[in-house]
Amino acid sequence: MLGIIGAMAEEVEQLKAEMESPQIVSVAGMDFYKGRIGGKDVVVVRSGVGKVNGAVCVQILVDRFGVEGIVNTGIAGSLKAEINIGDLVLATDAVQHDVDATQFSYPLGQIPQMNVFAFKADERLRQLAAGCCRQVNPDIGVYEGRVLTGDQFVSSKEKKEWLAKVFAGACTEMEGGAIAQAAWLNQVPFLIVRAISDKADDSAQMDYEEFERLAILHSVNLTRALIEAF
């Protein structure tokens, strides 16, 4: 059974509307919807913003629902010129860029006493997602790369350039790295999927309502196909 952590309210609402016989379980201020989509058991939830919310959500999915995989969808800012607004990024791994224990000889971004620098996404889930996306979202670009996470909204061109240089990230956002860490600690396969909301150099613009509509459409298309393929 897959656990789907969605960031956009409309995306979660649409998945809930497609769910057969949903059961609602409320834990830690989050509503978990358990049911079937495309004949497969699934749990859909909106975690809220930030690393703590993301990590707590994963632990509940593992402890209360026994999920066998976790997919987190959401929005991110591009860190590479070739990744455009509306494209999707499938995480190869995730790093928390706001962790700084360099005074204790850890690399910037590494969590102390963890034996990994980056949390690696599940290769099977990523390959499934890439194949599904080509089928259901043929009109957009799909990239694979590192997702960077921090409890801060990154908007400046200078900060984006610094993140790209220091961490070789593809995009930056606020939950994925914590979701990745919690899934890794529980040995549960995971994938972070991000729709790009702004360009690395802010050279391209799109009306946010139009972007959100397309992001929800692409995300739901991919999530539905991924659930059926899992």
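Cut-offs used in this document
- Residues numbered from 1 in each chain as written.
- Predicted model: local features only at pLDDT ≥ 70, side-chain atom pairs only at ≥ 80, totals over all residues.
- Heavy atoms only, no water.
- Buried < 20%, exposed > 50% of the residue type's maximum accessible area, 1.4 Å probe, protein only.
- Helix = DSSP H or I, 4+ residues; strand = E, 2+ residues; numbered from the N terminus.
- Arc of directions from axis to C-beta.
- Contact = heavy atoms within 4.5 Å.
- Salt bridge = Lys/Arg side-chain N within 4 Å of Asp/Glu carboxyl O.
- Expected span 1.5 Å × (residues − 1).

Visitor: For helix H1 (residues 9–17), give the residues involved together with the corresponding values.
Guide: Every buried residue of H1 is accounted for by Glu-11, Val-12, Leu-15 and Lys-16. Down the axis of H1, the buried set is contained in an arc of 135°. They therefore lie on one face. The secondary structure elements touched by the buried residues of H1 are strand E1 (2–6), strand E3 (30–37), strand E4 (40–46), strand E5 (69–78) and helix H6 (208–229).

Visitor: Report on the environment of Pro-189, specifying residues and quantitative values.
Guide: Inspection of the secondary structure assignment puts Pro-189 in the loop between helix H5 (176–185) and strand E10 (190–198). Through-space distance from the C-alpha of Pro-189 to that of Lys-120 is 9.2 Å; in sequence the pair is 69 residues apart. If near-sequence neighbours (up to four positions away) are discounted, Pro-189 is found in contact with Glu-68, Gly-69, Ile-70, Asp-122 and Leu-125.

Visitor: Can you explain the pattern of salt bridges? Please cite residues and give values.
Guide: Scanning all chains against the criterion turns up nine salt bridges. The shortest N-O distance in the salt bridge between Glu-13 and Lys-16 comes to 2.6 Å. Taken together, the residues Glu-13 and Lys-16, both in helix H1 and three residues apart, mark about one turn of the helix. As a salt-bridge pair, Arg-146 and Asp-93 come within 2.9 Å of each other at their nearest N and O atoms.

Visitor: Before we move on, can you summarise helix H2 (residues 51–65) with the specific residues and values?
Guide: With 15 residues, H2 extends 21 Å from end C-alpha to end C-alpha; this agrees with the ideal 21 Å at 1.5 Å per step. Within the span of H2, buried status applies to Lys-51, Gly-54, Cys-57, Val-58, Ile-60, Leu-61, Val-62 and Phe-65. Positioned one or two residues after H2, Gly-66 has a phi angle of 60°, which is positive.

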